[in-house]
Amino acid sequence: MAGTTQPSAIDDILAEYAGLEQQLADPSLHDDLSTARKVGKRFAELAPVMATIAKLESARGDLDTARELAAVDSSFAGEVPELEAVVEELDKTLTDLLAPRDPHDGDDVVLEVKSGEGGEESALFASDLARMYVRYAERHGWRVEILDATISDLGGYKDATLSIKSKDDVGDGVWARLKFEGGVHRVQRVPVTESQGRVHTSAAGVFIYPEPEEVAEVQIDETDLRIDVYRSSGKGGQGVNTTDSAVRITHLPTGIVVTCQNERSQLQNKARAMQVLAARLQAAAEEAADAEASAGRQSQVRTVDRSERIRTYNFPENRITDHRIGFKSHNLDAVLDGELDALLDALGKSDREARLAAE
């Protein structure tokens, strides 16, 4: 059976993998930790492709042998259809793995959650979303750091900024899984502030950006920045610093404002805020340079309004619906506790199919 994958594409992968192996075997590579990490990450990304190529070549060899044997002994004929099915499935898997990739799939992310319409209920829902992403990250062994948060009167999040990093360079990064989360998330439930038991609808927005490994990757002119320092504050008086260690950075040309108060020192907070600013500026630059990327990111959030939703969380019916792909499931409690894989798998499959169709 002829495969659908192009031999030239496979040859390119084999050559790149061999080159990466040579680089990793060179001790001098590790003198530059940033380059070493990039090489290691790409090597890990290609590992499942290489494994599938090896399985496919082996299966094709077995199929050729079975056909030759079946031609002289009919007792082997039954093996041919089974091996053809194996080759076809592996070929589909390889085609999927070789589909055009998002160049940021291996990146860590900065994720922002902001309350929208709905007042305190929206802030409480925003905190539910933040907790959902934290729980999902914990399930995958990722590291989560809350860089900044503004707490509402009832303990919800008016806004929160999270840094989510993968634990190693094996496989795809955080962006590959969470990049579809940007957009307006709508909730339908009875708020804690509702005395009549009526179901209300409110919304919260999620913004997500790939986080560059180094601020130097994005050129930021210090003269374009206004940096303010202030006293950190924590919920219920917890973790309150007595020094002006929190940092707010305003990028004057774009109006982007980033704050960070999680670290203990002003210098640490400034460094983390600069990383977040770099992530947001990088995303903005890519939007301006690439019309397709622009269309994709504009779909995240134009306004945190109930009508511009990507997903609805319906508590009375225990249902979650992703409106972009028509995904529905009735395990809302589990999803909010971080069981997002089924939904994210469906979104990833839809994205890969679209990328293949666009080739």
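Here, every reference points to the structure presented above.
Attention here is on the structure that accompanies the text. Everything numeric in this text was worked out from a predicted model, so none of it was measured. (Residues numbered from 1 in each chain as written. Predicted model: local features only at pLDDT ≥ 70, side-chain atom pairs only at ≥ 80, totals over all residues. Heavy atoms only, no water.)

Thoughts on the environment of H323
Inspection of the secondary structure puts H323 in the loop between β10 (319–322) and β11 (327–329). Spatially, the C-alpha atoms of H323 and T312 are 7.8 Å apart, while their sequence positions differ by 11 residues. Ignoring any residue separated from it by four or fewer positions in sequence, one finds H323 in contact with R309, I310, R311 and T312. A polar contact of 2.7 Å, which involves the side chain of H323, links it to the side chain of T312. (Helix = DSSP H or I, 4+ residues; strand = E, 2+ residues; numbered from the N terminus. Contact = heavy atoms within 4.5 Å. Polar contact = N/O pair within 3.5 Å; in protein donor to acceptor, adjacent residues only side chain to side chain.)

Side note on the pairing of strand β1 (residues 108–115)
With respect to burial, β1 is a largely interior element, six of its eight residues being buried. Of the pairings in the sheet, the one linking β1 to strand β5 (residues 200–211) comprises eight bridges and is antiparallel in character. Directly across from V109, in β5, lies its bridge partner P210. Judged from the six bridges that link them, β1 and strand β3 (residues 157–165) form a sheet pairing that is antiparallel. Looking at β3, one finds that V109 is bridged to I164. (Buried < 20%, exposed > 50% of the residue type's maximum accessible area, 1.4 Å probe, protein only. Pairing = 2+ DSSP bridges.)

Looking at unusual backbone geometry
Among all residues except glycine, the phi angle is most often negative; among peptide bonds, the trans geometry is most common. We note that N318 has phi near 50 degrees; this positive angle belongs to a residue other than glycine. The topology assignment puts N318 in the loop between β9 (311–314) and β10. Taking the relative accessible area as the measure of exposure, N318 reaches 28% and is therefore partly exposed.

Some points on the packing of helix α1 (residues 7–25) against helix α2 (residues 33–72)
Geometry of a packed helix pair, given as the angle between the helix axes and the separation of the axes. Interhelical geometry of α1 versus α2 gives an angle of 135 degrees and a closest axis separation of 10 Å. As summarised for this structure, α1 and α2 are arranged oblique, according to the angle between their axes. Relative to α2, the crossing made by α1 is left-handed. Contacts from I10, I13, L14, E16, Y17, L20, E21, Q23 and L24 of α1 reach α2 at V39, G40, R42, F43, L46, A47, V49, M50 and I53. Tallied by class, the residues present in the contact of α1 with α2 amount to 13 nonpolar, two polar and three charged. (Axes fitted to C-alpha atoms, helices over the stretch in contact; angles between N-to-C directions. Parallel < 35°, antiparallel > 145°, perpendicular 65-115°, else oblique. Left-handed = near helix turned anticlockwise from the far one by under 90°. Nonpolar A, V, L, I, M, F, W, Y, C, P; charged D, E, K, R; others polar.)

Focus: the nonpolar core
The nonpolar side chains of a soluble globular protein tend to be buried with one another. One finds L129, M132, Y133, I164, L178, Y313 and L340 to be the most contacted residues of the largest nonpolar core, which totals 36 residues. Going through the elements one at a time, β1, α4 (119–139), β3, α5 (174–178), β5, α8 (332–336) and α9 (341–358) are the ones with two or more residues in this core. Residue contributions to this core peak at nine residues, all from α4. Leave out the neighbours within four places in its chain, and I164 touches D108, V109, A137, W142, R143, V144, V174 and L178. Formed by 20 residues, the second largest nonpolar core is a distinct cluster that contains I10, L20, A36 and L83. (Core = buried A, V, L, I, M, F, W, Y, C linked by side-chain atoms within 4.5 Å.)

Focus on the sheet that holds β9
One open sheet holds the eight strands; their spatial order is β2-β3-β1-β5-β4-β9-β10-β11, and the pairing between them is mixed. Pairing within the sheet leaves two strands with one partner each, and these edge strands are β2 (143–151) and β11. Taking the axes of each pair of neighbouring strands and ignoring which way they run, one obtains an average angle of 15 degrees across the sheet.

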